[in-house]
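# Understanding the architecture of this molecule
Listed below are the residues making up each chain.
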Amino acid sequence: MNLTHLNHNNNPTMVDVSTKDSTSREALASGKITMSKAAFLAVIENTNKKGPVIQTAVIAAIMAAKNTSQIIPMCHPLFISKVNVDIIPLEEECAFRVESLVKCEGKTGVEMEALHSVSVGLLTIYDMLKAIDKSMVISDICLESKSGGKSGDYKRA
């Protein structure tokens, strides 16, 4: 069996995408952070001492999408054309859902960029609120959908 990220000397290598066609690529990822009512209300009422939680997390998530190849070793640097981050309050759960949609025209997909974006957005929320609640739980980070490329479209059931 040939492993795509090992070369003929069994050393790590980045996959060569030079022969692939450039296509429109899009990926949507999501995740959730659950917290205490006090932490949730600090976000909703914008009373957190560190500042605006949602806006800070959105900026961090956008930055993460743009810098994925600097963190994940075998990811290719991509020219990202769009990152849209939505943070949705889930009042009944005292939670927030982070969704990140990433687009590009390229030879490889943007799934990792969307997943990295969501992860950093959630971690930023944790960082901004940890003085109020250290027991927050980050969960359910997943790829919701993707389109483009040789493998075609995917949508979570």
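Residues numbered from 1 in each chain as written. Predicted model: local features only at pLDDT ≥ 70, side-chain atom pairs only at ≥ 80, totals over all residues. Heavy atoms only, no water.

## Some points on helix 1 (residues 37–44)
Taken together, the buried positions of helix 1 are occupied by Ala39, Phe40, Ala42 and Val43. Projected down its long axis, helix 1 shows its buried positions confined to an angular sector of 160°, all on one face. Where helix 1 ends, the next residue or the one after it, asparagine 46, has phi of about 55°, a positive value. (Buried < 20%, exposed > 50% of the residue type's maximum accessible area, 1.4 Å probe, protein only. Helix = DSSP H or I, 4+ residues; strand = E, 2+ residues; numbered from the N terminus. Arc of directions from axis to C-beta.)

## Digging into the packing of helix 2 (residues 53–66) against helix 4 (residues 111–129)
For any two helices packed against each other, the geometry is given by the interaxial angle and the distance between the axes. Relative orientation of the contacting elements helix 2 and helix 4 amounts to 145°, with a least axis distance of 7 Å. Considering how the two elements wind past one another, helix 2 and helix 4 form a crossing that is right-handed. On helix 4, the residues touching Val53, Thr56, Ala57, Ala60, Ala61, Ile62, Ala64 and Ala65 of helix 2 are Glu113, His116, Ser117, Val120, Gly121, Thr124, Ile125, Met128 and Leu129. For the contact of helix 2 with helix 4, the class distribution of residues is eleven nonpolar, five polar and one charged. (Axes fitted to C-alpha atoms, helices over the stretch in contact; angles between N-to-C directions. Left-handed = near helix turned anticlockwise from the far one by under 90°. Contact = heavy atoms within 4.5 Å. Nonpolar A, V, L, I, M, F, W, Y, C, P; charged D, E, K, R; others polar.)

## Points about the nonpolar core
Ranked by size, the top nonpolar core spans 31 residues in total, and within it Met35, Ile87, Ile125 and Leu129 carry the most contacts. For this core, the elements supplying multiple residues, two or more each, are strand 1 (23–34), helix 1, helix 2, strand 2 (80–90), strand 3 (95–106) and helix 4. (Core = buried A, V, L, I, M, F, W, Y, C linked by side-chain atoms within 4.5 Å.)

## Details of the sheet that holds strand 4 (residues 137–147)
Strand order in the open sheet made by the five strands is 2-3-1-4-5, with antiparallel pairing throughout. Of all the strands in the sheet, the pair left with one neighbour each is strand 2 and strand 5 (154–155). With two bridges connecting them, strand 4 and strand 5 associate as antiparallel partners. Directly across from serine 145, in strand 5, lies its bridge partner lysine 155. (Pairing = 2+ DSSP bridges.)

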